[in-house]
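# Understanding the architecture of this molecule
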Amino acid sequence: MDHEADANRTDLMTITRFVLNEQSKYPESRGDFTILLSHILLGCKFVCSAVNKAGLANNLGLAGDTNVQGEEQKKLDVISNEVFVKALISSGRTCLLVSEEIEDAIIVPPALRGKYIVVFDPLDGSSNIDCGVSIGTIFGIYTVKDTANVAVEAALQSGSSLVAAGYCMYGSSCTFVLSTGNGVNGFTLDPSLGEFILTHPNIKIPKKGKLYSVNEGNAKNWDEPTTKYVENCKFPKDGSPPKSLRYIGSMVADIHRTLLYGGIFMYPADMKNPNGKLRLLYEVFPMSYLMEQAGGQAFTGKQRALDVVPEKIHDRSPVFLGSYDEIEQMKELYANSKANGE
Ligand SMILES: O=P(O)(O)OC[C@H]1O[C@](O)(COP(=O)(O)O)[C@@H](O)[C@@H]1O
Ligand SMILES: [Mg+2]
Ligand SMILES: [Mg+2]
């Protein structure tokens, strides 16, 4: 380890220091959020290490069960879910948990309750686990006034009520991206220090993009606006160069690239999946929150994604996320198709 180089690095802003600085702006704060976040970070470090060692520790492949979504669970889906449930409950700052991998919401025992609801996708991009492609964890945080009588309905809040959201990407490096409502910041795990260091301050998505990201394998089932938008990416009518297609198949990785490079990521509704595939509470909302905080937009095809009010905890929603101008184009296509009664 090059201690001298590290000692000279004055920019070593750890995420803990960053959040404590943020917290100092709220004199009334008791540090509950900082404690909750430290437990989420611990969970991410644990899962990052488990992902890195998965092949060695025989943690690749299927777990043998099916989750509430009807998907075959991967061993790492189960491991990461257990890690986050334990970490979140032991923080003593949560009262209700919603996980992609568990059918019912977890109501935290009264003695361990705090004011936060955490909705999370413990491992996103499960289809990419066994081939070592980037995967991640996604989370959203809400608050509750009445923790004593908390029930599952308390999680059915619109995305615009989130107080924080983020993801951790397990890729070539482990990157943690967070917003608490004052912009978006990215931190990279320094494995030798075991610390997340600020490496992407104040992320702002470019207003336009040269990339589009969608599973074109679903194209035959798409609606008119989606078909027209993708057609225009490939054969632009205004003479501009065609956009390039980038699709990893892990929402965390596709969104991370979109935040940094610009462009659009979409999982539209189609005739096969009339509500799309991605889950509102722990995929669509957190990513929409981050996208808006970075200057982009998030649209469902009908409305601003964050304005949707979920009816059930595992509801799905179509979603278009990305650069401001790209989503404006998509909105226009939907408005026109509506006007033409399509
Ligand atoms: O294979 P498809 O249909 O393109 O779906 C890919 C999408 O499904 C997901 O893998 C769903 O998330 P999970 O892996 O958490 O179930 C997203 O990460 C990704 O964007
Ligand atoms: Mg997911
Ligand atoms: Mg998942």
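Presented here is an overview of the structure given in this document. The residue count restarts for each chain, going from 1 along the sequence in the order it is written. Whichever chain is written first becomes A and whichever ligand is written first becomes 1, with later ones labelled in order. Residues qualify for local features only when their pLDDT is at least 70, as the model is predicted, and side-chain atom pairs are given and counted only at 80 or more; totals for whole chains, interfaces and linings, by contrast, use all residues. The basis for the side-chain values is all heavy atoms of the structure; hydrogens and waters are excluded.

## Focus: the overall build of the protein chain
On a plain count of helices and strands, the protein chain comes out with eight helices and 15 strands. Taken over the C-alpha atoms alone, the protein chain extends approximately 55 × 50 × 45 Å along its principal axes. Exposure classes here rest on a 1.4 Å probe applied to the protein chains alone. A residue is buried below 20% of its type maximum, exposed above 50%, and partly exposed in between. Counting all 342 residues of the protein chain, 53% fall into the buried class. By definition in these notes, contact holds between two residues if any of their heavy atoms fall within 4.5 Å. For the protein chain, the share of sequence-separated contacts (at least 6 apart) that also reach a separation of at least 24 residues comes to 64%. Helix and strand assignments follow DSSP, with helices taken as H or I runs no shorter than four residues and strands as E runs no shorter than two, numbered in order from the N terminus.

## Some words on the coordination of the magnesium ion (ligand 2)
Around the magnesium ion (ligand 2), the protein contributes the donor atoms Asp121 (OD), Asp124 (OD) and Glu283 (OE), which lie 1.9 to 2.0 Å from the metal centre. Coordination shells were defined by N, O and S atoms within 2.8 Å of each metal, extended to 3.2 Å for Na, K and Ca; water is absent from the atom set, which can make sites look incomplete. Counting gaps between the donor residues of the magnesium ion (ligand 2) yields the pattern D-x2-D-x158-E. Between the magnesium ion (ligand 2) and the magnesium ion (ligand 3), a spacing of 3.7 Å is present, and a bridge between the two is formed by aspartate 121. Placement of aspartate 124 in strand 5 (residues 113–124) and of glutamate 283 in helix 7 (residues 280–293) is noted, with a sequence separation of 159 residues between them. We note that aspartate 124, like glutamate 283, is buried.

## Some words on the coordination of the magnesium ion (ligand 3)
With distances of 2.0 to 2.2 Å, the protein atoms coordinating the magnesium ion (ligand 3) are Glu100 (OE), Asp121 (OD) and Leu123 (O). Sequence positions of the donors to the magnesium ion (ligand 3) reduce to the motif E-x20-D-x1-L.

## Topic: the sheet that holds strand 8 (residues 174–179)
The pairing criterion for strands is at least two bridges between them, as found by DSSP. The mixed open sheet is built from eight strands, whose spatial order is 4-3-5-6-7-8-9-10. Since the sheet does not close on itself, it has two edges, and those belong to strand 4 (106–107) and strand 10 (195–200), each with one partner. Note: strand 7 (residues 164–170) against strand 8, six bridges, orientation antiparallel. Pairing of alanine 165 across the sheet is with serine 179, part of strand 8. Inter-axis angles, ranging from 0 to 180 degrees, are taken between N-to-C directions of lines fitted to C-alpha atoms, where helices are fitted over the stretch in contact. Those strands touched by helix 6 (residues 251–261) are strand 5, strand 6 (135–143), strand 7, strand 8 and strand 10, and its axis lies near 105° from that of strand 7.

## What about a positive patch on the surface?
Here a patch means residues that are over 30% exposed by relative accessible area and free of salt bridges, tied together within 9 Å if like-charged and within 5 Å if nonpolar (Val, Leu, Ile, Met, Phe, Trp, Tyr). For accessible areas, the Shrake-Rupley method is used with a probe of radius 1.4 Å. Any residue's cover is judged against the shown protein chains and nothing else. Any Lys or Arg side-chain nitrogen located within 4 Å of an Asp or Glu carboxyl oxygen qualifies as a salt bridge. Under the convention used here, Asp and Glu are negative, Lys and Arg are positive, and both His and the chain ends fall outside the count. Charged groups are reduced to one reference atom each: NZ for lysine, CZ for arginine, CG for aspartic acid, CD for glutamic acid. Taken together, the side chains of Lys220, Lys272, Lys277 and Arg316 make up a positively charged region of the molecular surface. Examined against the element boundaries, lysine 272 turns out to sit in the loop between strand 13 (264–267) and helix 7. According to the relative accessible area criterion, lysine 272 is exposed, its value standing at 56%.

## Concerning the nonpolar core
We define the nonpolar core as a collection of buried residues of types Ala, Val, Leu, Ile, Met, Phe, Trp, Tyr and Cys that are connected through side-chain atoms lying within 4.5 Å of one another. In this structure, Tyr167, Ile255, Leu281, Met287 and Leu321 are the most contacted members of the largest nonpolar core, which totals 44 residues. Taken together, the elements giving at least two residues each to this core come down to strand 3 (94–99), strand 5, strand 6, strand 7, helix 6, strand 13, helix 7 and strand 15 (319–322). Counting residues per element, this core draws most heavily on helix 7, at nine residues. Judged by nonpolar contacts, the second largest core, of 40 residues, contains Cys44, Ala164, Cys174 and Phe176.

## Brief notes about unusual backbone geometry
Residues other than glycine seldom take positive phi values, yet asparagine 58 does so here, at roughly 55°. The exposure class of asparagine 58 is exposed, given its relative accessible area of 55%. Backbone geometry places asparagine 202, a non-glycine residue, at a positive phi of 45°. If you trace the backbone, asparagine 202 turns up in the loop between strand 10 and strand 11 (211–213). Judged by its relative accessible area of 45%, asparagine 202 falls in the partly exposed class.

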